[in-house]
Amino acid sequence: MLIESNKIELKSKYNDQIIKEIVAFINADGGKIYIGINDDGSVCGAKKIDEVLLSISDVITTQIEPNAIDVVKTELEIHDGLPVIVINVKKGISPLYCIKKYGFSSTGCMIRIGSSCREMSESQINERYKLRFFDDDLIVSSPINLKSLSFFTLKNLYLEMGYKLNDDTFESNLKLVNNNGEYNVMAELLSDNNRYSLIFVKFNGLNKASISQRSDYGNKSIIFGYRQLMNRIAAENICISNTTVRPRVDTYLFDYDSVNEAIVNAIVHNDWSITEPQVSFFKDRIEILSHGGLPHTLSLEEFYRGISKPRNVRLMKIFSDLDIVDHTGHGVPIIIEKYGREAFDISDNHIIVTIPFNQEVVNSINVGVNVGVSVDVNLNEIEKNIIGLVLNDPTLTAEKISGHIEKSKRTVERYLKALQEKGYIERIGTDKKGNWKVIK
């Protein structure tokens, strides 16, 4: 026998008050309304079934705001040989629903508490009403004034992944334009000539008192900028090798995978309406800063557990398409496993991920090379200059590099070959159309 609870409401017959019960369940955790069952659980059967079903349909489609058609369904069941109408209500997709004629007021906004239907307080309504807007994909909904953008880099990345592209629908399919045909912020982020970049700042000490170097990676596409930045991160990841044991033991300055996860998260979760993410490199740590704090409705515990709720949903989808992320939410747990929850500094306005350096590597750098340990940083000035150039622009040819360092093309080709043989750089693609990848 059915009894009323936080998930079940019993009605002997249909009446106009049922809309309140529906809205209350939507605003809570969902539930079922049985029409044709008395309060005591005895079955009396539904009457005028077709008329009632038509009335319920009208309630669902025209009397609830926002439209509840995706969260409310009806069906007919037989209980004790009698017909019973069941209204199946899911928890709402939107944070707040109301009876349209009363609007977002206490009279219009109901919520299920226990086995009763109650009016929501003004503070509850205000908080939920705000959430209707906070979770919008703002970089998609925000138009920009630029009339012409190109996506050569983005299209090539999709082609490399095996996607078939239609130039006529490419921009609309990826949500790079709004319904009025205007480019949005995400379009500029991914375009060949965007004004955004990923910021890398190197400091001389343990704080921001003295800047050693600043580099901006981007301007062609945020994905291109991401790859440039990760090449730079890889080059900064000094390795010491213990050659007194077999096999040789390599120890790195920091865990590259953790830094990569933190940077990808900073890009797809960043509030781009504030400013760009920043990577700060100190003597003892790396800090990855993104703006905007946690996405609304995501709790701190859910964040630590790796529940994925990207602020920029469609940008995350593109990163997933291009195999940069897998959208499984494992990035945060990877960092926690390696560095603990204390790696995260989370406020309403920002998230800072701190990756401390391996002290053994830091000590080796500071005191020099110990017996049996080699530090893999023995490059001459020309080699360092070449690595710096291809970090900033992986598309550089030997001829263009020769112009930068005032050496002949043949000399540059010789150094490039030596750097490849030493395992510092790798050529991806052909000589004319490929890119350099800095490995270490």
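These figures come from a predicted structure and were not determined experimentally.

Draft legend 1. Expanded view of the overall build of the chain. For the chain, the helix and strand inventory stands at 16 helices and 19 strands. Scaling as 2.2 N^0.38, a compact globule of 440 residues should have a C-alpha radius of gyration of about 22 Å, whereas the chain reaches 29 Å, well beyond that. In terms of its C-alpha atoms, the chain occupies a principal-axis envelope of roughly 95 × 50 × 40 Å. Burial statistics for the chain: of 440 residues in total, 46% are counted as buried. When contacts within the chain are restricted to residue pairs at least 6 apart in sequence, those whose partners lie at least 24 apart make up 62%.

Draft legend 2. Looking closely at the pattern of salt bridges. Per the stated rule, a full pass over the model turns up 14 salt bridges. Between Glu 301 and Arg 341 there is a salt bridge, with its nearest N and O atoms 3.0 Å apart. You can see Glu 301 sitting in helix α10 (residues 300-305) and its partner Arg 341 sitting in the loop between α12 (331-339) and β15 (344-346), a full 40 residues away along the chain. Of the residues examined, Glu 301 reaches a relative accessible area of 40% and is grouped as partly exposed. Linked through salt bridges whose partners overlap, the residues forming this network are Glu 9, Lys 11, Glu 21 and Arg 112.

Draft legend 3. Focus on helix α16 (residues 409-421). Spanning 13 residues, α16 covers 18 Å between terminal C-alpha atoms, matching the ideal 18 Å at 1.5 Å per step. Buried within α16 we find Thr 411, Val 412, Tyr 415, Leu 416 and Leu 419. Taken down its axis, α16 places every buried residue within 135 degrees of arc, on the same side. Opposite the packed face of α16, turned more than 90 degrees from it, sit the exposed residues Arg 410, Arg 414, Lys 417 and Glu 421. In the core, the buried residues of α16 are packed alongside α14 (381-392), α15 (398-405), β18 (425-428) and β19 (435-438). Where α16 ends, the next residue or the one after it, Gly 423, has phi of about 85 degrees, a positive value.

Draft legend 4. Here's a closer look at the side chain of Ser 215. Topologically, Ser 215 is positioned in strand β10 (residues 211-218). The buried category is assigned to Ser 215, whose relative accessible area is 7%. Among the polar contacts made by the side chain of Ser 215, one reaches the side chain of Arg 232 at a distance of 3.5 Å. Residue contacts for Ser 215: discarding those within four places in its chain leaves Leu 198, Ile 199, Phe 200, Arg 232 and Asn 392.

Draft legend 5. Expanded view of the packing of aromatic side chains. This structure, assessed with the given rule, holds 13 aromatic pairs. Taking the centre distance of 6.2 Å and the plane angle of 65 degrees together, the rings of Tyr 304 and Phe 344 count as edge-to-face. With Tyr 304 in helix α10 and Phe 344 in strand β15, this residue pair connects regions lying 40 residues apart in the sequence. For Tyr 304, a relative accessible area of 14% corresponds to the buried category. Within the aromatic cluster, the residues linked to one another by ring pairs are Phe 200, Phe 254, Phe 281 and Phe 357.

Draft legend 6. Examining empty space enclosed by the protein more closely. Inspection of every chain in the model, using the stated rule, returns one cavity of 30 Å³ or more. Size it by volume and the largest cavity reaches roughly 40 Å³. Residue lining of the largest cavity: Leu 198, Ile 199, Leu 229, Ile 263, Ala 266, Ile 267, Pro 277, Gln 278, Val 279 and Ile 288, and that is the complete set. Every element with two or more residues in the lining of the largest cavity is listed here: β9 (197-203), α9 (256-269) and β13 (278-281). Per element, the largest residue contribution to the lining of the largest cavity is three residues, and it comes from α9.

Draft legend 7. Representation of unusual backbone geometry in the model. Backbone torsion omega between Glu 65 and Pro 66 reads -5 degrees, so that peptide bond is classified as cis. For Lys 48, which is not glycine, the phi dihedral falls at a positive 45 degrees. Locating Lys 48 in the fold gives a position in the loop between β2 (31-35) and α2 (49-62). Unlike most non-glycine residues, Asp 80 shows phi in positive territory, near 50 degrees. Judged by its relative accessible area of 70%, Asp 80 falls in the exposed class.

Draft legend 8. Focus on helix α11 (residues 313-321). Turning to α11, its buried residues number three or more, namely Leu 315, Met 316, Ile 318, Phe 319 and Asp 321. Elements in contact with the buried residues of α11: α4 (138-141), α5 (152-160), α7 (185-190), α8 (222-236) and α9. Looking one or two residues past α11, Asp 323 carries a phi angle of roughly 65 degrees, positive in sign.

Draft legend 9. How the structure looks around the sheet that holds strand β4 (residues 72-79). What the four strands build is an open sheet, ordered β1-β2-β5-β4; its pairing is mixed. Edge strands, defined here as strands with exactly one partner in the open sheet, are β1 (8-11) and β4. Shown here is a sheet whose adjacent strand axes are inclined to one another by a mean of 20 degrees, direction ignored. As paired strands, β1 and β2 are joined by four bridges and run parallel to one another. If you follow Lys 11 over to β2, its bridge partner there is Ile 35. Contacting β1, β2, β4 and β5 (82-89), helix α1 (residues 18-27) runs over the sheet at an angle of about 160 degrees to β2.

Calculation notes
Residues numbered from 1 in each chain as written. Predicted model: local features only at pLDDT ≥ 70, side-chain atom pairs only at ≥ 80, totals over all residues. Heavy atoms only, no water. Helix = DSSP H or I, 4+ residues; strand = E, 2+ residues; numbered from the N terminus. Rg over C-alpha atoms; globule rule 2.2 N^0.38 Å. Buried < 20%, exposed > 50% of the residue type's maximum accessible area, 1.4 Å probe, protein only. Contact = heavy atoms within 4.5 Å. Salt bridge = Lys/Arg side-chain N within 4 Å of Asp/Glu carboxyl O. Expected span 1.5 Å × (residues − 1). Arc of directions from axis to C-beta. Polar contact = N/O pair within 3.5 Å; in protein donor to acceptor, adjacent residues only side chain to side chain. Phe/Tyr/Trp six-rings, centres within 6.5 Å; stacked < 30°, edge-to-face > 60°. 1 Å grid on protein atoms, 1.4 Å probe; cavity = no way out; pocket = protein on both sides within 12 Å on 5 of 7 lines; lining within 4 Å. Points joined across faces, edges and corners; volume = space filled by probe spheres on them. Pairing = 2+ DSSP bridges. Axes fitted to C-alpha atoms, helices over the stretch in contact; angles between N-to-C directions.

Don't take any of this as a statement about function, it's just geometry.
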